[in-house]
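Close look at the chain arrangement
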There are 2 protein chains.
Amino acid sequence: MTANTVVGVPAETAGGERRVALVPKVVERLRAKNISVVVEPGAGSAALIPDDAYVHSGATLGDPWSADVVVKVAVPTDAEVARLRTGAVFIGFLAPLTQPERATALRAAGVTAFAMESIPRISRAQSMDALSSQANVAGYRAALLAAEHLTRFFPMLTTAAGTVPPAKVLVLGVGVAGLQALATARRLGAHTTGYDVRPEVADQVRSVGAQWLDLGIEATGSGGYARALTDDERAEQQRQLAKAITGFDAVITTAQVPGRTAPTLVTAEAVTGMRAGSVVVDLAGESGGNCELTTPGAVVVEHAVTIASPLNLPATMPEHASELYARNVAALLELLVDKDGALSLDFTDEVVAGACVTGQEV
Amino acid sequence: MTANTVVGVPAETAGGERRVALVPKVVERLRAKNISVVVEPGAGSAALIPDDAYVHSGATLGDPWSADVVVKVAVPTDAEVARLRTGAVFIGFLAPLTQPERATALRAAGVTAFAMESIPRISRAQSMDALSSQANVAGYRAALLAAEHLTRFFPMLTTAAGTVPPAKVLVLGVGVAGLQALATARRLGAHTTGYDVRPEVADQVRSVGAQWLDLGIEATGSGGYARALTDDERAEQQRQLAKAITGFDAVITTAQVPGRTAPTLVTAEAVTGMRAGSVVVDLAGESGGNCELTTPGAVVVEHAVTIASPLNLPATMPEHASELYARNVAALLELLVDKDGALSLDFTDEVVAGACVTGQEV
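Each value, and the rule that gives it
- Residues numbered from 1 in each chain as written.
- Chains lettered and ligands numbered in written order.
- Predicted model: local features only at pLDDT ≥ 70, side-chain atom pairs only at ≥ 80, totals over all residues.
- Heavy atoms only, no water.
- Helix = DSSP H or I, 4+ residues; strand = E, 2+ residues; numbered from the N terminus.
- Rg over C-alpha atoms; globule rule 2.2 N^0.38 Å.
- Buried < 20%, exposed > 50% of the residue type's maximum accessible area, 1.4 Å probe, protein only.
- Areas by Shrake-Rupley, 256 points an atom, 1.4 Å probe, with all protein chains shown as cover.
- Contact = heavy atoms within 4.5 Å.
- Buried area = accessible area lost by both parts, 1.4 Å probe.
- Salt bridge = Lys/Arg side-chain N within 4 Å of Asp/Glu carboxyl O.
- Polar contact = N/O pair within 3.5 Å; in protein donor to acceptor, adjacent residues only side chain to side chain.
- Pairing = 2+ DSSP bridges.
- Axes fitted to C-alpha atoms, helices over the stretch in contact; angles between N-to-C directions.
- Arc of directions from axis to C-beta.
- Core = buried A, V, L, I, M, F, W, Y, C linked by side-chain atoms within 4.5 Å.
- Left-handed = near helix turned anticlockwise from the far one by under 90°.
- Nonpolar A, V, L, I, M, F, W, Y, C, P; charged D, E, K, R; others polar.
- Least-squares fit on C-alpha atoms with pLDDT ≥ 70 in both.
- Domains from an automatic or database assignment.

1. Topic: the overall build of chain A
When helices and strands are counted, chain A shows eleven helices and 15 strands. Taking 362 residues into account, the globule formula puts the C-alpha radius of gyration at 21 Å, and chain A, at 22 Å, falls close to it. Taken across its 362 residues, chain A has 57% of its residues classed as buried. When the accessible surface of chain A is totalled, it reaches about 13600 Å², and 51% of it is carbon and sulfur.

Rendered as structure tokens:
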């Protein structure tokens, strides 16, 4: 039986992007479904995945852009869109809320594009949820980063010269990334506390061994996200957080609202109230940051507090971030082919229709 | 009652040295023993300990070099030795085995110098054991560094898109640093294994949840250290380790012999046998490294394996490293003063005599 669909995997070109859209293990899985994979030479090298590993898994090395389906991680550039052939299918992150012109360009190029961000958040599509899989990586790396920048231990340490107490870690915004940050900090031996404006996540916070910080401000929104606070609520929240924060060695912030500027949770004044040597890790840098003193993409020291705002944390752990992403992509791909591995786009399927950002004509 | 002894704390001058010999908490402890402390302005700044904190703890800011006792972390430079007054006491790391000329210079300057490395390893002096306290920090940071450089998760992760297995971490050389590296890696969720040529540490390895790797080569030496292996034993060890290492995601090496070049445990060939994306953290870089492909002080990628060999890891977590060190120094200081806080060097005390590297005349 010959393969009916060819999937191309280009090397990523964005600065700092070390991920790759498919990994060898997932190539094997697709080969078993009669899907062929063409990998651009060196596509895995920033993730330390050698070309050989792809070849051993059944991929061929070559030009990925002439494939039936091109799969990518980072939003494609104009030059990349220009390399897609008319009639091709594209799968990747497409930032539909903040860069809608990407979908427009792909449609104009005659490409049928699926945005990983647009996959409906229904249980059948959980295995395709790349936002969650990458947030898991980001939360884990955020906790490691806090430990790296803290001038103190996370765990309690008992030595012949006495004891040092465990670090106290506060996570603001407890979605997937926040929960993983709490779990990781706790693993490392820190005392952990979680805060969110959605009271329904309190049980999840407790389930990873953390305390729940209740400031009495509730703002549950739709789709699992929080609604925007009113100006009064925000001011009250900032005031109360400034007080609460003084007791923590590390604060990890993850509050983002899709398509909007991130809310300020940690004011400049709150930072001045923190103990010297403490750390803020701000995961919302890409949308402006949750801390008023954040410089997105940089590590700065203000009032003897280290404020780190890494961009694209998942790319700092590229093999597993890529592996999880590749599984998400593969789950979507499997929905787009028939049992012989031939492309068969069924736009009556709400996942297929929901993820497509270029309209439903092939 | 006025203070009888003045202790001076200079700012450290060595590149990358972020520690400081006393921290505010320990200043308080010394003040209670009628010992005064003069801190050079900015001495704590690289550790993010502000001058204010020293002042609040009862220290004064000023010239530390005219004090009765000068306490430092890093081995003093010629310029620093020249600033010590005749009759002064000096306490700090002095590298007596590798830089014996330091003790000679201090003796010539009329200084009575105590080397933290020379404190006898007896139970009464455990609270002064700075080699152990700093090795604890180094081991913790080494595990964090391995997690940082690994392209994969340390913990097992279960997501809607499937599971990733926990990382496998091997620690070669299980002294204080190695044990703490094992404990930290295990905390983070890795499967851990320890190896040493001293079979008596197997139980300690198991006590931190790690497996014991037995290669059948035993080389217990004196003072808790291993003896040097014969050439044949070394070759056999390298051959067996090269085989064992292929199964691990991260290898942390800590094998050092005081005053000698570090043994090669991980050959270049062993690195080529490791899976792409794996990590070696070599803590023996300062004495040449345990891995043949190590570049001391650098992070290199060879055969798709990341090899990191940080120098002076304790300095990367400066507040707690300084605090533990300061407690070690304070315990020694308390042995050097009488109940009124006046200097009183009793060279019939084996700890005082053992730590002194400039002869016993004051």
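2. Here we look at the interface of chain B and chain A
Taken together, the contacts link 48 residues of chain B with 48 residues of chain A. Between chain B and chain A, roughly 3900 Å² of surface is buried when both sides are summed, and carbon and sulfur atoms account for 62% of that area. Counting across the interface, chain B meets chain A through four salt bridges. Its salt-bridge partner being Arg152(A), residue Glu319(B) comes within 2.7 Å of it at the nearest N-O pair. The interface formed by chain B and chain A contains 20 residue pairs in polar contact (both at pLDDT 80 or more). At the level of elements, helix 5 (130-149), strand 7 (157-159), strand 8 (162-164), helix 6 (176-187) and helix 10 (318-336) of chain B are the ones that each hand at least two residues to the side of chain B that touches chain A.

3. A look at the sheet that holds strand 6 (residues 112-115) of chain B
Residues and elements named next belong to chain B. If you trace the six strands from one edge of the open sheet to the other, you get 3-2-1-4-5-6, paired in parallel fashion. Two strands in the sheet have a free side with no partner beyond their single neighbour: strand 3 (60-61) and strand 6. Across the sheet, helix 10 touches strand 1 (5-9), strand 4 (69-71), strand 5 (89-92) and strand 6, and the angle it forms with strand 5 is around 150°.

4. Some remarks on helix 4 (residues 100-108) of chain A
Working note: α-helix, 3.6 residues per turn, so residues spaced by three or four point in the same direction. All names here are of chain A. Restricting attention to buried positions, one finds in helix 4 the residues Arg102, Ala103 and Leu106. For helix 4, the angular spread of the buried residues around the axis is 95°, confining them to a single face. Lining the buried residues of helix 4 we find helix 3 (78-83) and strand 6 (112-115). Once helix 4 finishes, Gly110 follows within two positions and takes phi at roughly 75°, a positive value.

5. Here we look at the sheet that holds strand 4 (residues 69-71) of chain A
Residue and element names in this part refer to chain A. Taken together, six strands build an open sheet; the order of strands is 3-2-1-4-5-6 and the sheet is parallel. Two strands close off the open sheet at either side, each with one partner strand: strand 3 (60-61) and strand 6. Bridge count between strand 5 (residues 89-92) and strand 6: four bridges; the pairing is parallel. When the bridges of strand 6 are listed, Val89 appears paired with Thr112. Sheet strands touched by helix 10 (residues 318-336): strand 1 (5-9), strand 4, strand 5 and strand 6. Its angle to strand 5, the strand with the most contacts, is close to 150°.

6. Remarks on the nonpolar core
When a protein is soluble and globular, its nonpolar side chains tend to lie buried together. Counting 80 residues, the largest nonpolar core has Phe154(A), Ile252(A), Phe154(B) and Ile252(B) as the members making the most contacts within it. Non-local contacts of Ile252(A), meaning those with residues more than four positions away in its chain, are made with Ala142(A), Ala143(A), Ala146(A), Val169(A), Leu170(A), Val171(A), Leu172(A), Ala181(A) and Val281(A). Core analysis: the second largest hydrophobic core is formed by 45 residues, Ala11(A), Leu22(A), Ala331(A) and Cys356(A) among them.

7. Some words on the packing of helix 5 (residues 130-149) of chain A against helix 5 of chain B
Between two packed helices, the angle of one axis relative to the other and the distance separating the axes together describe the packing. Where helix 5 of chain A meets helix 5 of chain B, the closest approach of the two axes is 10 Å, and the angle between their N-to-C directions is 145°. Handedness of the crossing formed by helix 5 of chain A with helix 5 of chain B: left-handed. Between helix 5 of chain A and helix 5 of chain B, the contacting residues are Tyr140(A), Arg141(A), Leu144(A), Ala147(A) and Glu148(A) on the first element and Tyr140(B), Arg141(B), Leu144(B), Ala147(B) and Glu148(B) on the second. Each residue belonging to the contact of helix 5 of chain A with helix 5 of chain B can be placed in one class, and the counts come to six nonpolar, no polar and four charged.

8. A look at the relation of the copies chain B and chain A
With an RMSD of 0.0 Å, the operation that places chain B on chain A is a rotation of 180° combined with a shift of 0.0 Å along the axis. The two molecules are tied by a two-fold rotation axis, judged by turn and shift. Both copies present the same face, since 100% of the interface residues in chain B are matched by interface residues at the equivalent positions in chain A.

9. Here we look at the pattern of salt bridges
Tallied over the full model, the rule gives 37 salt bridges over all chains. Glu236(A) serves as the salt-bridge partner of Arg239(A), at 3.3 Å between the closest nitrogen and oxygen. In this pair, Arg239(A) and Glu236(A) both sit in helix 8 (residues 231-245), three residues apart, roughly one turn of the helix. Glu236(A) sits in the partly exposed class, given a relative accessible area of 29%. Note that Glu319(B) and Arg275(A) form a salt bridge whose closest N and O atoms lie 2.8 Å from each other. Remark: Arg275(A) occurs in the loop between helix 9 (268-272) and strand 13 (279-282) and Glu319(B) occurs in helix 10; the pair is interchain, linking two chains.

10. Comments concerning the domain arrangement of chain A
All names here are of chain A. When the domains of chain A are assigned, the result is domain 1 (5-129 + 318-355) and domain 2 (138-315). In this structure, domain 1 and domain 2 have C-alpha centres spaced 33 Å apart. The partner domain 2 presents seven residues to the nine residues of domain 1 that form the contact. Across the domain 1 to domain 2 interface the summed buried area is about 550 Å²; carbon plus sulfur atoms make up 49%. Of all residues in domain 1, the largest losses of buried area upon contact with domain 2 belong to Arg19, Leu97 and Arg121, amounting jointly to 57% of the total for that side. One can count zero salt bridges joining domain 1 with domain 2. In this structure, the connection of domain 1 to domain 2 is made through two residue pairs in polar contact (both at pLDDT 80 or more).

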